[in-house]
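Results of the structural survey
The residues making up each chain are set out below.
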Amino acid sequence: MFVVLNKELGDVQILELTQAGLQKFMKGLEDSKAWGDLRDYDVTVTRTNGTSPMDVKYSLLPQPKAKLSKEMQKLVDERLEQINLDLIFDGESPFTTKE
């Protein structure tokens with residue numbers, strides 16, 4: 001589970017990758033010398049719908065490293081203070097103020 005910035009929506013979200021292939025791809029990026037720390041760059045997630053829910057496909061594409069705008073960084077900083085992923089495991093919303 002990752003806390004991510006969805007630039008299209010302009011908000012912070014939680015991304016859960018359950019597919020082993022996607023998890024392996026993300027781990028490979030994290031472990032590579034060329035890409036490294038996932039917090040330092042964008043990864044575009046693309047969903048392709050099929051004829052049935054079982055046919056849905058996801059692809060991941062790393063993007064060149066770039067700094068966030070001051071406004072976007074402020075949003076991320078504010079939202080991170082409001083997210084507690086541990087609450088998910090207690091059946092609660094993670095979008096609450098941390099204690």
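Just above sits the structure.
I will try to describe carefully the structure that is included in this document. Being a predicted model, the structure only gives us computed values, none of them experimental. (Residues numbered from 1 in each chain as written. Predicted model: local features only at pLDDT ≥ 70, side-chain atom pairs only at ≥ 80, totals over all residues. Heavy atoms only, no water.)

Concerning the layout of surface pockets
- By volume, the largest pocket is sized at about 1,200 Å³.
- Along the wall of the largest pocket there are 30 residues; nearest its centre are Val3, Val4, Leu5, Tyr41 and Asp42.
- It is strand β1 (residues 2-6) that provides the largest number of residues to the lining of the largest pocket, a total of five residues. (1 Å grid on protein atoms, 1.4 Å probe; cavity = no way out; pocket = protein on both sides within 12 Å on 5 of 7 lines; lining within 4 Å. Points joined across faces, edges and corners; volume = space filled by probe spheres on them. Helix = DSSP H or I, 4+ residues; strand = E, 2+ residues; numbered from the N terminus.)

Some remarks on the nonpolar core
- By size, the foremost hydrophobic cluster in this structure holds seven residues: Leu17, Leu22, Met26, Leu29, Leu38, Tyr41 and Leu60.
- A per-element tally of this core places helix α1 (residues 20-31) first, with three residues.
- Ignoring any residue separated from it by four or fewer positions in sequence, one finds leucine 60 in contact with Leu17, Leu22, Phe25, Met26, Val43, Thr44 and Val45. (Core = buried A, V, L, I, M, F, W, Y, C linked by side-chain atoms within 4.5 Å. Buried < 20%, exposed > 50% of the residue type's maximum accessible area, 1.4 Å probe, protein only. Contact = heavy atoms within 4.5 Å.)

Some remarks on the environment of phenylalanine 25
- By the element assignment, phenylalanine 25 lies in helix α1.
- By relative accessible area, which is 35% here, phenylalanine 25 ends up partly exposed.
- The spacing of phenylalanine 25 and asparagine 49 is 24 residues in sequence and 20 Å in space, taken between C-alpha atoms.
- Apart from residues lying up to four places away in sequence, phenylalanine 25 is in contact with Leu60 and Pro62.

Regarding α1
- If you check α1, its first and last C-alpha atoms are 16 Å apart, about what 12 residues at 1.5 Å a residue would give, namely 16 Å.
- Looking only at α1, the buried set comprises Leu22, Met26 and Leu29. The buried residues of α1 occupy one face: seen down the axis, they fall within an arc of 55°. Exposed residues lying more than 90 degrees from the buried face of α1 are Ala20, Gly21, Lys24 and Asp31. (Expected span 1.5 Å × (residues − 1). Arc of directions from axis to C-beta.)

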